[in-house]
Amino acid sequence: MKEAVLLLMHQGNSFTAELHERLAARGIALVAISSRPADMAVLERNQPLLDAWVVGAGPELSDADVRAGVAQLAQRGYRFLAAIATFEGYRLFMADLNHAFGAPDVPRVALERALHKHRCREFLLMQGLSAATCRLIPAGSGADAAGLDPQRKWFIKPVRGAASFGCLILENRDDLTDVPAMQAQMLKDGKLAAIFMGRYDFFAEEYIEGPEFSYEIVAAAGRPRVLCVHEKARVERLPRTTLESMSISPPLSLPVDTLREGERFVAECLTRMGLGEGAYHVEMKYWQARRRWEIIEINPRMGGSLINASTTRATGASILDLWLRTLLARAPDDIAAFHAQADAVAQLDRLDRDDDRRAVVFISKYGKKGATVDSIDYDTSGHSPDLLEFHVKPGTRLEDSDRAICVMDALWQVDRAALADAVESIDRESDENFRITYQAAQGV
């Protein structure tokens, strides 16, 4: 039998190269069960990194795909040490498999509560860990039918989601009549339909005024550890979604002591929810009027975009690497070594030190929903990014969906003393240097 880690891969690509590199160094095989990509070339490029693979029948994995894939790979002689899913839509499958494999993971019930944003908010309220009220929205109803107090400001979002799908401030009280149209988009979104996990309800929660952050966390043996904090330095609001255009680390808008309060707060929230194993990308706001932290959502996975790359540059440690270590840890010495490493690299413990000058800025550029890309480019002749990734190519038709459709990410590592200036210059230059054009619509 050959020892292996099982990757639940979405449409042919899920941090495959990074996982292969880390597992090969340990002498462990990487095998995968993948949903079927629209372009099989995506999977073919990753096949040399896989020891073996099975492809499901459709664009998202089902229970049947996972069961059949595990059986086929076991018959080929693999003994599974753990399963990993960097795509949120497969996180519940991952937990079930790890339970069967004997790998450390959290109970499915705790994950289901965290992933259901309305249930998560209600739990935090009951535990005294939130002060933001919330209401489920009956499909097709207006604000009055949903019982929304007109004296409060409300934020609307689906109970399950990603990429800021359908996330908006309720400006017009008749906007809730658009919910059925957004639910129809959920069902036909070719890339992210699996994220919704069959849940298409929307809810409203009291809008929390203040700066927004993401806390990047890895937990083992019941102890969550914050590795890094990102601030959402540029946010753009569209009629039915929210675009996070720039993130920075470390944050600039709050003092270190307040960020440490957030660290203690988020650790308490995860502990109360039973989320003591795995990787977490927790989005939080500091409610300035009430001088308190509030969780926006708990994502039981690494952050998307360049979060892992940014964390690695800001701390010297990879979330993916540490997450993998927690899954493979069995002996007490393994867990102690993990905690020692996490403690050594934790960003907030080092921000008072003058010798740590690391800071990161990364930007994301978004495309026009439903359009077909004609050309896409970024002029690197000026302040060239350290990392540049295009997610589409000419001829790609973008999803006709009210979500953030990211077409490019770029990252710069800068001196922490110059971070504020870098935010302004990169914001300006990235707008000037990024270029995307679209094909003319047929019949126009």
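Below: a short report on this structure. (Residues numbered from 1 in each chain as written. Predicted model: local features only at pLDDT ≥ 70, side-chain atom pairs only at ≥ 80, totals over all residues. Heavy atoms only, no water.)

**Section: the packing of aromatic side chains**
Stage number 1. Scanning the model with the defined rule gives eight aromatic pairs in all.
Stage number 2. The ring of Phe-123 has Arg-113 lying over it, and the distance from NZ or CZ to the ring centre is 4.2 Å. (Phe/Tyr/Trp six-rings, centres within 6.5 Å; stacked < 30°, edge-to-face > 60°. Lys NZ or Arg CZ within 6 Å of the ring centre and 35° of its normal.)

**Remarks on helix H4 (residues 91–101)**
Stage number 1. Here H4 has its buried residues at Arg-91, Leu-92, Phe-93, Met-94, Ala-95, Leu-97 and Asn-98.
Stage number 2. Looking at the buried side of H4, the elements it contacts are strand S1 (2–9), helix H3 (63–75), strand S4 (78–84), helix H5 (108–115) and helix H10 (319–328).
Stage number 3. Positive backbone phi, at 80°, marks Gly-102, one or two positions downstream of H4. (Buried < 20%, exposed > 50% of the residue type's maximum accessible area, 1.4 Å probe, protein only. Helix = DSSP H or I, 4+ residues; strand = E, 2+ residues; numbered from the N terminus. Contact = heavy atoms within 4.5 Å.)

**Comments concerning the layout of surface pockets**
Stage number 1. Each pocket or cavity is described by its volume, and for the second largest pocket that value is around 350 Å³.
Stage number 2. In this structure, the second largest pocket is lined by 24 residues; those nearest its centre are Glu-236, Leu-238, Leu-243, Tyr-366 and Gly-367.
Stage number 3. Where the lining of the second largest pocket is concerned, the elements lending two or more residues are strand S10 (223–237), strand S11 (242–249), strand S14 (358–366) and helix H12 (419–433).
Stage number 4. The element best represented in the lining of the second largest pocket is S14, accounting for four residues.
Stage number 5. Classifying every residue of the lining of the second largest pocket gives eight nonpolar, six polar and ten charged. (1 Å grid on protein atoms, 1.4 Å probe; cavity = no way out; pocket = protein on both sides within 12 Å on 5 of 7 lines; lining within 4 Å. Points joined across faces, edges and corners; volume = space filled by probe spheres on them. Nonpolar A, V, L, I, M, F, W, Y, C, P; charged D, E, K, R; others polar.)

**Some thoughts on the packing of helix H1 (residues 16–24) against H10**
The angle between the axes and the distance between the axes are what describe a pair of packed helices.
Stage number 1. Running from N to C, H1 and H10 point in directions that differ by 50°, and their axes come no closer than 11 Å. With respect to each other, H1 and H10 are oriented oblique. When the axes of H1 and H10 are compared, the crossing they make is right-handed. Residues Glu-18, Leu-19, Arg-22 and Leu-23 of H1 form the contact with H10, whose participating residues are Leu-320, Asp-321, Leu-324 and Leu-328.
Stage number 2. Along the lines of polarity and charge, the residues of the contact of H1 with H10 split into five nonpolar, no polar and three charged. (Axes fitted to C-alpha atoms, helices over the stretch in contact; angles between N-to-C directions. Parallel < 35°, antiparallel > 145°, perpendicular 65-115°, else oblique. Left-handed = near helix turned anticlockwise from the far one by under 90°.)

**Concerning the pattern of salt bridges**
Stage number 1. A complete count under the given rule lists 36 salt bridges for this structure.
Stage number 2. Close ionic contact of Lys-117 with Glu-297 constitutes a salt bridge, the shortest N to O distance being 4.0 Å. With Lys-117 in helix H6 (residues 117–126) and Glu-297 in strand S13 (residues 292–299), the pair connects residues that are 180 residues apart, well separated along the chain.
Stage number 3. Its relative accessible area of 9% is what places Lys-117 among the buried residues.
Stage number 4. Taken together, the shared-partner salt bridges connect Arg-121, Lys-157, Glu-205, Arg-292 and Glu-294 into one network. (Salt bridge = Lys/Arg side-chain N within 4 Å of Asp/Glu carboxyl O.)

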